[in-house]
Amino acid sequence: MNTTQSLEQMQDLKLNGMAASYRCQLELPVNQQLEGHELLAHLLQAEQLHRANERMESLLKAARFRFNVTAQQIDCSPERNLTKASWSSLLEGNYIRSGENILITGATGCGKSVTACALGHQACIMGIKTRYFNMNRLIETILMAKTEGSYVKLLNQLEKVPLIILDDFGLQHINKNIKLALLQIMEDRYEKKSLIITSQLPVSAWHDYLDEPTLADAILDRLTARSHRIELKGESRRKKK
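What this report covers is the structure whose coordinates are included nearby. Position numbers for residues count from 1 along each chain, tracking the sequence in the order it is written. Since the coordinates come from a predicted model, pLDDT governs what is reported: local features require at least 70, and pairs of side-chain atoms require 80 or more to be given and counted, while whole-chain, interface and lining totals use all residues. Side-chain measures were taken over the full set of non-hydrogen atoms in the model, leaving aside hydrogen atoms and water.

**A look at the sheet that holds strand β4 (residues 194-199)**
Turning to step 1, where the next piece is worked out: Across the sheet, five strands lie side by side as β2-β3-β4-β1-β5; this open sheet has parallel pairing. With partners counted over all chains shown, the strands left at the sheet margins are β2 (130-134) and β5 (227-231), one partner each. Neighbour to neighbour, the strand axes of the sheet diverge by 15 degrees on average, direction disregarded.
Turning to step 2, where the next piece is worked out: Relative to β5, strand β1 (residues 101-105) runs parallel, the two being bridged by five bridges. Note: two strands are recorded as paired if DSSP finds a minimum of 2 bridges between them. Secondary structure elements are defined from DSSP: runs of H or I of at least 4 residues count as helices, runs of E of at least 2 residues count as strands, and each element is numbered from the N terminus. Interaxial angles span 0 to 180 degrees and are taken between N-to-C directions of axes, which are lines fitted to C-alpha atoms, for helices over the stretch in contact.

**Re the nonpolar core**
Turning to step 1, where the next piece is worked out: Nine residue types can take part in a nonpolar core, namely buried Ala, Val, Leu, Ile, Met, Phe, Trp, Tyr and Cys, and a core is a set of them joined through side-chain atoms within 4.5 Å. Throughout, exposure labels follow a simple rule: accessible area from a 1.4 Å probe, protein chains only, divided by the maximum for the residue type, with under 20% read as buried, over 50% as exposed, and the rest as partly exposed. In terms of nonpolar packing, the biggest core is built from 34 residues, with L166, L182, I197 and L223 touching the most fellow members.
Turning to step 2, where the next piece is worked out: Counting residues per element, the ones that place at least two in this core are α7 (135-148), α8 (151-159), β3 (163-167), α9 (176-189), β4, α10 (206-210) and α11 (213-224).
Turning to step 3, where the next piece is worked out: Sequence-distant contacts of I197, defined by excluding residues within four places in its chain, comprise I102, L103, I104, L166, F169, M186, W206 and L223. We call two residues in contact when some of their heavy atoms are within 4.5 Å.

**Let's talk about the environment of G111**
Turning to step 1, where the next piece is worked out: Its place among the elements puts G111 in the loop between β1 and α6 (112-125).
Turning to step 2, where the next piece is worked out: Looking at G111, the relative accessible area reads 14%, which means it is buried.
Turning to step 3, where the next piece is worked out: Between the alpha carbons of G111 and L232 there is a distance of 7.7 Å; along the sequence they are 121 residues apart.

**Considering the pattern of salt bridges**
Turning to step 1, where the next piece is worked out: The rule for a salt bridge is simple: a side-chain nitrogen of Lys or Arg has to be within 4 Å of a carboxyl oxygen of Asp or Glu. Across all of its chains, the model carries seven salt bridges by this definition.
Turning to step 2, where the next piece is worked out: As a salt-bridge pair, R137 and E140 come within 3.3 Å of each other at their nearest N and O atoms. Here the residue R137 and the residue E140 both occupy positions in helix α7, the gap between them amounting to three residues, near one helical turn.
Turning to step 3, where the next piece is worked out: A salt bridge links E212 to K179; its shortest N-O distance comes to 3.4 Å. Taken together, the residues span a long stretch of sequence, with E212 in the loop between α10 and α11 and K179 in helix α9 at a distance of 33 residues.
Turning to step 4, where the next piece is worked out: Assessed through its relative accessible area of 22%, E212 is described here as partly exposed.

**Points about the packing of aromatic side chains**
Turning to step 1, where the next piece is worked out: Each Phe, Tyr or Trp ring (for Trp, its six-membered ring) is paired with any other whose centre lies within 6.5 Å, and the angle between the two planes then decides the class: stacked below 30 degrees, edge-to-face above 60, tilted in between. In total, this model carries two aromatic pairs according to the counting rule given.
Turning to step 2, where the next piece is worked out: Pairwise contacts between aromatic rings join F169, W206 and Y209 into one cluster.
Turning to step 3, where the next piece is worked out: The ring of Y151 carries K146 above its face, with NZ or CZ at 4.0 Å from the centroid. By the criterion adopted, a ring carries a charge over it if an Arg CZ or a Lys NZ lies within 6 Å of its centre and within 35 degrees of its normal.

**Overview of the packing of helix α1 (residues 3-12) against helix α2 (residues 16-27)**
Any two packed helices are characterised by the angle at which their axes cross and by the distance between the axes.
Turning to step 1, where the next piece is worked out: Where α1 contacts α2, the two axes come as close as 8 Å, and the packing angle between them is 160 degrees. Looking at the two axes, α1 sits roughly antiparallel to α2. Both α1 and α2 take part in a crossing whose hand is left-handed. Contacts between α1 and α2 involve T3, S6, L7, M10 and Q11 on the former and, on the latter, N16, M18, A19, Y22, R23 and L26. Oblique is the label for any angle not under 35 degrees, not over 145, and not in the 65 to 115 range, which are roughly parallel, roughly antiparallel and roughly perpendicular in turn. For any pair of crossing helices, the crossing counts as left-handed if the nearer helix is rotated counterclockwise from the farther one by less than a right angle, and right-handed if it is rotated clockwise.

**Some remarks on α11**
Turning to step 1, where the next piece is worked out: The length a helix should cover is 1.5 Å for every residue beyond the first. Here α11 is twelve residues long and its end C-alpha atoms lie 16 Å apart, about the 16 Å a rise of 1.5 Å per residue gives.
Turning to step 2, where the next piece is worked out: Restricting attention to buried positions, one finds in α11 the residues L215, A216, A218, I219, L220 and L223.
Turning to step 3, where the next piece is worked out: Its buried side turned inward, α11 meets β1, α9, β4, α10 and β5.

**Topic: the packing of α7 against α9**
Turning to step 1, where the next piece is worked out: It is at 11 Å that the axes of α7 and α9 come closest, and there the two elements cross at 95 degrees. Comparing the axis directions of α7 and α9 gives the class roughly perpendicular. The residues of α9 that touch α7, namely those facing M135, L138, I139, I142 and L143, are I178, A181, L182 and I185.
Turning to step 2, where the next piece is worked out: Just so you know the grouping, Ala, Val, Leu, Ile, Met, Phe, Trp, Tyr, Cys and Pro go in nonpolar, Asp, Glu, Lys and Arg go in charged, and all remaining residues, Gly too, go in polar. Broken down by class, the residue content of the contact of α7 with α9 amounts to nine nonpolar, no polar and no charged.

Take a look at the structure:
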């Protein structure tokens, strides 16, 4: 089998990373080309890296983040009430493995959504499936699923996602049906999967916002029992821009 046939076979088998690496090898002078076990190891490593990058890109696309921001772009400072040590700890992803939540609060424009998306981006880099929802979009998704008779299917899909981001919690009134749906989502995920929630309201005001004591107790018990809290400070970053 000649080199052209080998390349074609790699492409037929969808070994695209391996094919690209092999093509690069063939472009080198003969005395610089790898041989035998070294070549095989090099091609396998290239294929593994290619697949990891493809998975990461797929996860990032499926997550539908509001902001395309990396963890390294987040400003950590005492003024923001976010230290480099605490941020680095969260980036390790242990909270996801432990089924813990992150509650991010602060005034409008202080960077809550960007911070949440950066955590989600880091999760995707680590190969962890993530899904972003603005609260308005989540409500629309729940209502549409109820109308189409696919509500249980939606709950089952959400239950399988290791990390879900709920952005702008507390901005609009939600009726009892939505509160019950939120309770079910949180019940399904409790101690198993993680949530990141951003809100302009401090956590202490969430009970009053939910406005139904029994449901509020149940929802907040599941949200806050195993959670990390980030209370961002500082002026609106939109004004600075």
